[in-house]
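The residues making up each chain are set out below.
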Amino acid sequence: MASWLIRNATVVTMDEAGTVLPQADVLINGSEIVGLWPSGSGGGAAGPSTSLRVNSGTPALQTEVRADHTITGEGMVMIPGLINAHTHCAMTLLRGYADDMPLMPWLQERIWPLEMKLQEEDVYWGTMLGAAEMIRAGVTCFNDMYHYFEATARAVVDSGIRANVSGVLLGFLPDAEERLERAIAFAKQWREAGDGRLVTMLGPHAPYTCPDHLLEKVIAGAHEAKVGIHIHVSETAREVKDSQQQVGKTPVQRLKDAGLFDARPVLAAHCVHLTDEDIATLVEYQVGISHNPGSNMKLASGVAPIPRLLAAGAVVGLGTDGPASNNNLDMLEEARLAALLHKLHSGDPTVVPARTALEMATRGSARALGLGDRVGQIKVGMKADLALLDFHQPHLFPPHDVISHLAYAARAGDVRTVFINGRPVLMDGKLQGLDEEEIYGQVRARVKRLVS
Ligand SMILES: [Zn+2]
């Protein structure tokens, strides 16, 4: 694999210390970031690794650092690739098909009947469409749960994006157990596919769609295959009320008692309606939480207690949920929604500040998905998943505070260049290796069949 040198970018590292380097160079070798130093200082402590060719002696001057390709980051802000902690990517196919409805009728009357008509290749092309959209928005990794997960995995490998993929498991389907067997086999076979970009998990849809006997088998399967679990938890008030009436416990307590939180990692999507005991449990087990403010607002599910979860030490990431309930995969927008929603809801403009919103979209999501040691920060030793945004634009001027601009003023269209696993997947606004017209053609034909 090639080495890349990106020079003179403003680098927002999203590391624990919140380091922002006003002008820095980043060196990529293979799939990793191997050097990061202030422009003009030419290396230093965090400079080029010994695996790279350097002209002679110590790298005292940056001109001595040589890479296969050099690109300029002048006028650009570099961020770690954004991480979408919860979605159903192929639901791009249903974007705009059913809106402005409550969750259960929306699922039961509109979404699930149409999904019954899905074919494997529909999911492949729906995922390719979502991958193109995410790459263009600087999103380098997503966590997915859907039908025909093998097709999702193929699209991840082909598109160059990174993802955690799990098959959706619904207890009411007649072949639920058979699907679970397939999901476990998939989790073993596809583990670390696509040069390690693919991580497999198991995806029981939600406590209310998975009876105890299925849940037990999922948990045993996760331990056997040594994979994590991705599940929707406490999305609506009704879900929590029904659970308390039926089994005398909240969904969080039911999952804890079933042993589900012993799997690693566990990603619980939504967590909107929580008791104090639930919050303590999620913190105790370090369950990854995906906050999905866009979907929660659109479906009027409620407001997740994110400020309380963060204060208690919970692992909180950010997700879009499926594109049928958002309706896009734009994580900059999601970070902005998170920052705004909690201010409005609490009546306190100091909660979820810009930095916190961006942390959730990067390092927080990475930790929630069990990827905290690989992605979510611009740091030597991390995978080279990063995005460069063009800040030389009216809506990002003057540059008082780059963190503020990223959270409150930047948008997906500002992303010009994206690397994933050390490979350029978007270069100066052009997708590398994905043919958008082909994707549109495929999706257009498939959607025509689905809605007919
Ligand atoms: Zn979801």
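As a starting point, this report considers the structure included with it. (Residues numbered from 1 in each chain as written. Predicted model: local features only at pLDDT ≥ 70, side-chain atom pairs only at ≥ 80, totals over all residues. Heavy atoms only, no water.)

1. With respect to the packing of aromatic side chains
Which entries qualify depends on this criterion: Stacked, tilted and edge-to-face are the three classes applied to pairs of Phe, Tyr and Trp rings, where Trp contributes its six-membered ring and a pair requires centres within 6.5 Å; stacked means planes under 30 degrees apart, edge-to-face means over 60, and tilted covers the rest. Numbering of helices and strands runs from the N terminus; a helix is a DSSP stretch of H or I covering at least four residues, while a strand is a stretch of E covering at least two. Buried means the residue's accessible area, taken with a 1.4 Å probe over protein chains only, is under 20% of the maximum for its type, while exposed means over 50%, and partly exposed covers the values in between. Two conditions define a charge located above a ring, namely a distance within 6 Å from the ring centre to NZ of Lys or CZ of Arg, and an angle within 35 degrees of the ring normal.
Per the stated rule, a full pass over the model turns up 6 aromatic pairs. Ring centres of W4 and F419 lie 5.2 Å apart, and the angle between their planes is 75 degrees; on these two criteria the pair is classed as edge-to-face. Taken together, the residues span a long stretch of sequence, with W4 in strand β1 (residues 3–12) and F419 in strand β15 (residues 415–420) at a distance of 415 residues. The same class applies to W4 as to F419, namely buried. Taking 5.1 Å as the distance between ring centres and 85 degrees as the angle between the ring planes, the aromatic pair formed by Y124 and W125 counts as edge-to-face. Grouping residues by exposure puts Y124 and W125 together as buried. In this structure an aromatic cluster arises from ring pairing among F149, F186 and W190. Over the face of the ring belonging to Y97 we find R110, whose NZ or CZ atom lies 4.3 Å from the ring centre.

2. Some thoughts on the coordination of the zinc ion
Heads up, the rule is: A 2.8 Å cut-off from the metal defines N, O and S donors, relaxed to 3.2 Å for Na, K and Ca; water is not in the atom list, so some sites may appear incomplete. Under this scheme a four-donor centre is tetrahedral when all angles range from 85 to 135 degrees, a four-donor centre is square planar and a six-donor centre octahedral when opposite donors are above 155 degrees with the rest from 65 to 115, and any other centre is irregular.
Listed as protein donors to the zinc ion are H86 (NE2), H88 (NE2), H232 (NE2) and D321 (OD); their distances from the metal cover 2.1 to 2.3 Å. Each of the 4 donor atoms around the zinc ion contributes to a set of angles spanning 88 to 171 degrees, which defines the coordination as irregular. Sequence spacing of the donor residues for the zinc ion, all on one chain, is H-x1-H-x143-H-x88-D. Taken as a pair, H88 in the loop between β6 (82–87) and α1 (103–115) and D321 in the loop between β13 (315–318) and α11 (331–346) lie far apart in primary sequence, 233 residues in all. Given the relative accessible area of 9%, H88 is considered buried. Using a relative accessible area of 4% as the deciding quantity, one classes D321 as buried.

3. Here we look at the packing of helix α7 (residues 251–258) against helix α8 (residues 276–284)
To characterise two packed helices, one gives the angle between the axes of the helices and the distance between these axes. Using the following cut-off: To get an axis, fit a line to the C-alpha atoms, keeping to the stretch in contact for a helix; angles then go from 0 to 180 degrees between the N-to-C directions. Any angle from 65 to 115 degrees is called roughly perpendicular, while one under 35 is roughly parallel, one over 145 is roughly antiparallel, and all others are oblique. By the definition used in this description, the sense in which the near helix is turned from the far one sets the handedness, with an anticlockwise turn below a right angle giving left-handed and a clockwise turn giving right-handed. Two residues form a contact once any of their heavy atoms are found within 4.5 Å.
Where α7 contacts α8, the two axes come as close as 9 Å, and the packing angle between them is 40 degrees. Regarding the angle of α7 to α8, the classification is oblique. As for how α7 packs across α8, the hand of that crossing is left-handed. Residues V252, Q253 and K256 of α7 form the contact with α8, whose participating residues are E277, D278, T281 and L282.

4. Digging into the side chain of T417
Put simply, the test is: Nitrogen and oxygen atoms within 3.5 Å of one another constitute a polar contact, given that in protein one can donate a hydrogen and the other can accept it, and given that sequence-neighbouring residues count only through two side-chain atoms.
Its place among the elements puts T417 in strand β15. Given the relative accessible area of 7%, T417 is considered buried. Of the polar contacts made by the side chain of T417, one reaches the backbone nitrogen of D428; its length is 3.0 Å. Apart from residues lying up to four places away in sequence, T417 is in contact with I71, L386, A387, L388, L426, M427 and D428.

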